[in-house]
Amino acid sequence: CRVPQAWRVLYRDGGEWRPVAGAGAYGVEMDRFNRVAFAPVETAALRIEVTLQPDWSGGVLEWRVE
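Residues numbered from 1 in each chain as written. Predicted model: local features only at pLDDT ≥ 70, side-chain atom pairs only at ≥ 80, totals over all residues. Heavy atoms only, no water.

Enquirer: What is the right way to read the pattern of salt bridges from this model?
Expert: Pairing between side chains of opposite charge can happen when the charged atoms of each approach one another. Inspection of every chain in the model, using the stated rule, returns 5 salt bridges. Salt-bridge contacts for arginine 8 lead to glutamate 49; the nearest nitrogen and oxygen are separated by 2.6 Å. Note that arginine 8 is positioned in strand 1 (residues 6–13) and glutamate 49 in strand 3 (residues 46–51), a separation of 41 residues in sequence. Between arginine 18 and aspartate 13 there is a salt bridge, and its shortest N-O distance comes to 2.8 Å. You can call aspartate 13 partly exposed: its relative accessible area is 36%. What you see here is one network of salt bridges that share partners, running through Asp13, Glu16 and Arg18. (Salt bridge = Lys/Arg side-chain N within 4 Å of Asp/Glu carboxyl O. Helix = DSSP H or I, 4+ residues; strand = E, 2+ residues; numbered from the N terminus. Buried < 20%, exposed > 50% of the residue type's maximum accessible area, 1.4 Å probe, protein only.)

The following block contains the structure:
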């Protein structure tokens, strides 16, 4: 198991998923919360999209929205 290669936050806008605006760097450090700040959005749903490292499994243990 490895940390993700990359990830991003999307929000639902009507029937489509769009990336949040103004997002800072998306960290991928192990054993810590990797924070990202972005412009406020008004939505009913958020999603994390994760790109795994080639030939490795991985995942997100926990995520928080504050």
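Here the narrative resumes, following the displayed structure.
Enquirer: Help me understand the packing of aromatic side chains, please; the structure alone is not making it clear to me.
Expert: What characterises a pair of aromatic rings is the spacing of the ring centres plus the angle enclosed by the ring planes. Here the structure, examined in full by the defined rule, presents 1 aromatic pair. Judged by centre distance (4.6 Å) and plane angle (80°), the ring pair of tryptophan 7 and tyrosine 26 falls under edge-to-face. Taken together, the residues tryptophan 7 in strand 1 and tyrosine 26 in the loop between strand 2 (16–19) and strand 3 connect sequence positions 19 residues apart. Cation over ring: arginine 2 sits above tryptophan 56, and NZ or CZ is 3.8 Å from the ring centre. (Phe/Tyr/Trp six-rings, centres within 6.5 Å; stacked < 30°, edge-to-face > 60°. Lys NZ or Arg CZ within 6 Å of the ring centre and 35° of its normal.)

Enquirer: For this particular structure, what's the right way to read the sheet that holds strand 2?
Expert: Strands belonging to one sheet form pairs held by backbone hydrogen bonds; the direction of such a pair is parallel or antiparallel. Ordered in space as 2-1-3, the 3 strands form an open sheet in which the pairing is antiparallel. A strand with exactly one partner marks an edge of an open sheet, and here the two such strands are strand 2 and strand 3. Looking at each pair of strands side by side, their axes are set apart by 40° on average, direction ignored. As paired elements, strand 1 and strand 2 share 4 bridges and run antiparallel to each other. When the bridges of strand 2 are listed, aspartate 13 appears paired with glutamate 16. (Pairing = 2+ DSSP bridges. Axes fitted to C-alpha atoms, helices over the stretch in contact; angles between N-to-C directions.)

Read these as spatial facts, not as claims about activity.
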